[in-house]
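A closer look at the structure
Residue strings, one per chain:
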Amino acid sequence: MSIKGFLSNLVGKKIVMAVTGMFLLFFVLVHLLGNSSIYLGPDGINNYTQKLQSMPLFVWLFRFFMITVFIIHVYFGFLLYLENKNAKPDKYAIKKSLRATFASKNMIWTGLVVFGFLLYHLLHFTFRVISIERLNLDFMQRPDVYSMVIQGMTEVPSIVLYFFGLLALMFHIFHGFQSLFQTLGVLSEKMHPGLINFSKLFAFFVFLSYSLIPAVIIAGILR
Amino acid sequence: MMNLTLLVWRQKNANDKGRFEKYEAKNINHEMSFLEMLDVVNEELIKEGKEPIAFDHDCREGICGMCSQVINGVPHGPLEKTTVCQLHMRHFKDGDVIYIEPWRAKAFPIIKDLIVDRSALDRIIQAGGYISVHTGGVPDANAILIPKEDADAAMDAAECIGCGACVAACPNGSAMLFTAAKVMHLAKLPQGKIEAFRRVCLMTEAMQKEGFGACSNHYECQAACPKGIKVSFISGLNREFIKAQLRSK
Amino acid sequence: MILNGKCPEGPLHEKWDIRRHELKLVSPANRRKFKIIVVGTGLAGASAAATLGELGYNVEAFCYQDSARRAHSIAAQGGINAAKNYPNDGDSIYHLFYDTIKGGDFRAREANVYRLAMISNNIIDQCVAQGVPFARDYAGYLDNRSFGGAQVSRTFYARGQTGQQLLLGAYSALSRQVKAGTVKLFPRTEMLDLVVIDGEAKGIIVRDLVTGEIRAHCADAVCLCTGGYSNVFYLSTNAMGCNVTATFRAYKKGAYFANPCFTQIHPTCIPVSGDYQSKLTLMSESLRNDGRVWVPKKAGDKRPPQEIPEDERDYFLERKYPSYGNLAPRDISSRAAKEVCDEGRGVGPGGRGVYLDFADAIRRLGENTIRQRYGNLFEMYERITGEDAYKQPMRIYPAPHYTMGGLWVDYNLQSNIEGLFVLGEANFSDHGANRLGASALMQGLADGYFIIPYTIADYLAKTKADKASINHPEFKKSLDAVSSNIKRLLSIKGKRTVNEFHRELGKIMWDNVGMARSEASLKKALAEIPLLREDFWKNVRVTGTDLELNQELEKAGRVADFLEFAELMAWDALHRNESCGGHFRVEFQMPDGEAKRNDEDFCYVAAWQYKGEGVMPELHKEPLVFESIKLAVRSYK
């Protein structure tokens, strides 16, 4: 089958979703790990930032890769959404969901919320065009990301948006994580129920760990 | 004995818009099957000079896959692993209101009332759901040894009755469970392995061409399947598809 | 007239080879010029259409269901026989042949049955190659189980769904030919007439069940694979749509109908629960491998089964037939059950039922083993009755299940009309007066895969391709007749529903032409059927119109044919003054109640020729000659 044939096949499209989803999940974890350096105080995260800035080629390659993956994921997500909608034009008067979950039925919406949040997040912290915070240099002449984050996470609208973004991400992963294993065909019948449970746990873990940062900032533990 | 209110989808033909109509089913015995209950309603309708409700049914023992009704939002009704014809009225209560609708999916156009056209499923099989063997000239049956686990797994998949409940239940109108069941039935057997890669590509292409959606892993299909065909076969189909891609490059 | 089955001369085991050498061939280049119509897509029809398509003929296949995969062969549970002798328990082609012909109470053609036994082995090979997932042992070899009427294990099975798996195999072969373009499928299409031109079958008239269009299809040969007529009893294990229409219309066009009174009543069905009952559900006969059949010794014993002590139970099959016990053939087991119920010892509501008890087997083998063997059957039983058969015995009762009679065919499966071939249950050929379990699947596939491809070529080689055209006046005549019949049904606008008539006919047939028949009961039926038929044509209400999907109209046409056919069955039963197999005449029984055959006067096939509605048909006899075996009393004691 040609690449074109693969990409127009509905199983092919699902595999694209699964593979790109896997990279995005990977990014979510790497980002979490990077962010965790904030717990080490200003020294940790500012150091981390400086390290990254010292390797512009790597950072830009990485960004380029992630953006490509992201665009593919969104594009095929939309494509599948429209095709699937088209395959079921008439709705039932009553429809009981037997196994489908809130998460599985709303992937397109949670995905869109995550997309919106991501844009906001980039504009907020990476390009810094939304907020009033400025990225100053700290006493060691490093970019003071630490202060910027602390400041950013004390503004109520920002916290609310952050929370909703994470919630959407949680539901998205909740379905997406186990779904990617199913789509890539690595699930055996025995592993299936276990993986669904693990998927839920994992999504919750992502939500909790990302929420922890604003939580500790609000609680005043990091200041 | 019980009395029920039925809200049944009536549609004269493919071009008609269709609507729900209300019927009272009186003096229904608990031992009746759901279809026998509809028989009783139809007999009354005929006597009143009205058109009876058209619905597909044949063997009435849960194996031909002809019967196809969504009952209160669930294909084949509330009982797990049961076709409509094997659903008995003891699972309903006096005074229940029951919605009866046809399978709904783009690939299953409605012919009349509760009857839909499922020939798309046949065309998926025609695309490659077979082993290309001619009659005669085959080896002795015991010349092909098949591990019991493989034979059993193939049988698990082969139990599919082709009713289309998986499509009816799927929010995407996807026939993945149906297609996967056939792909995996044959892929599990040594006789079927030879054409396995070609088969999975041809059958999934045919499925798309017929207007079925893709699988979003909702797993509604497994829950609605009267034979309990497992979604792990869909995972298996995906695996076969990936293997086919890697092999062809 | 004395009919000739045209069996080849020669030793029994060489007859089929001899015939195959005699048969003419059609060259591959010429095959596509011949068009063959196959009606019905069950085991016989699907396998025939697929194989003929593979050979390169131009095939058109018809079925009334929405897909070829749904024909009622799909409901066969137990298995398929073959003389493979894999278990090394002494089986052979001869044993399978002998069991089948003895099971049929020596009313089948010797040569046909031997050929069937020979071909049985090829069928298993073919099905395995197609991917039919037969049960296997841990070493990967095929597994066998035993079945009624045999003392060896020769039955191959795929859980409790053997018929389904074999049909899906044939359907997949058929689908492959549809893709290859050799077979054109016409689902939701019902055959309503056979067109005979100058004594040769050259086409059919069909109704498109979706649009209501009446259409003619011409061909160089026609194969009817349209199953049996058990639904003449209204309640049977057949699918709701099973009908006699195709074969009966062929009969009206001159094909002989053979042995219509040979019907099989299956012993292990779920009893009737009420008047609304629309069909009966069969539980595989394999249940009798581990279940024990009993009733209370005392008539009218209303205690629950658990409370009836061992010494107050009558295990009547084990008592009467010690060597076969619960595995006695179907007709014998069914009649024994009817007898004990007639004595007032039946169980369950209405007293028409006997127990099939697994308590001993569960004690001996454990519940798990029983679950593995029969799990799906126990589930099915619970779904229908709401009772748990692991805890209390099942209740079973006999039900009409299979019809051995059918259109008369010669050794080549060709009827007396040239170019009309009849396969599977629709013909009469292989099961005599009673069919053994796991033999129907065998016959359907043997006819379709391995016999018709040879024999039809012989006919085609002798005829010229494209002789027929739908412009022939015979087609026009048939089209008009079919249309006016439909118009007539719709114009009656009476007060009674089609189902009411069918139910009433079923009751007449079950009470008078059922498991036990007498001269009086048959005459009673013959008096009642014409009256009912007359009432039908005056009072039936068929709603809707002809140019749409109209299920009432479909049913009405089928019931109208049953109303005529029922008379034929009764005539045949009345003329056959003996008891044999499924045909039990109370006047002809041994002192102990066993069937008393009359080989002197009735060792023949009764083939009936249509002479007009309500007119006694003309009887033609095909004497049954047994060259290789001796007729024996069929004893299972």
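These numbers were taken from a predicted model, which means no experiment stands behind them.

1. Examining the sheet that holds strand S18 (residues 420-422) of chain C
Either a parallel or an antiparallel arrangement is found when strands of a sheet pair, and the pairing is made through backbone hydrogen bonds. Residue and element names in this part refer to chain C. Spatially, S6-S2-S1-S10-S18 is the arrangement adopted by the 5 strands of the open sheet, whose pairing is parallel. Looking at the sheet topology across the chains shown, the edges are occupied by strand S6 (183-186) and S18. For this sheet, the mean angle separating the axes of adjacent strands, direction not counted, is 20 degrees. When strand S1 (residues 35-39) meets strand S10 (residues 221-224), the two strands line up parallel, connected through 4 bridges. Following the sheet pairing, Val38 is matched in S10 by Cys223. In the packing of helix H3 (residues 43-55) onto the sheet, the strands contacted are S1, strand S2 (58-62) and S6, and the crossing angle to S2 comes to about 160 degrees.

2. Considering unusual backbone geometry
Residues and elements named next belong to chain B. Even without glycine at this site, Asn72 takes up a positive phi of about 45 degrees. Relative to the elements of secondary structure, Asn72 occurs in the loop between strand S3 (70-71) and strand S4 (74-75). The buried category is assigned to Asn72, whose relative accessible area is 19%. Backbone geometry at Lys81 places phi at a positive 50 degrees, although glycine is not the residue there. Along the chain, Lys81 turns up in the loop between S4 and strand S5 (97-101).

3. Considering the interface of chain A and chain B
As a measure of interface size, the accessible area lost when the parts come together is often cited. Taken residue by residue, the interface counts 44 residues in chain A and 52 residues in chain B. The contact between chain A and chain B buries some 3900 Å² in all, and 55% of this surface belongs to carbon and sulfur atoms. If you look at where chain A meets chain B, you find 2 salt bridges. Across the pair Glu189(A) and Lys230(B) runs a salt bridge, and its minimum N-O distance is 3.4 Å. The set of elements that each furnish at least two residues to the side of chain A that touches chain B consists of helix H1 (3-8), helix H2 (10-35), helix H4 (56-86), helix H5 (102-105), helix H8 (156-183) and helix H9 (191-218) of chain A. Its residues assigned to classes, the side of chain A that touches chain B shows 18 nonpolar, 15 polar and 11 charged.

Rules behind the numbers
Residues numbered from 1 in each chain as written. Chains lettered and ligands numbered in written order. Predicted model: local features only at pLDDT ≥ 70, side-chain atom pairs only at ≥ 80, totals over all residues. Heavy atoms only, no water. Pairing = 2+ DSSP bridges. Helix = DSSP H or I, 4+ residues; strand = E, 2+ residues; numbered from the N terminus. Axes fitted to C-alpha atoms, helices over the stretch in contact; angles between N-to-C directions. Contact = heavy atoms within 4.5 Å. Buried < 20%, exposed > 50% of the residue type's maximum accessible area, 1.4 Å probe, protein only. Buried area = accessible area lost by both parts, 1.4 Å probe. Salt bridge = Lys/Arg side-chain N within 4 Å of Asp/Glu carboxyl O. Nonpolar A, V, L, I, M, F, W, Y, C, P; charged D, E, K, R; others polar.

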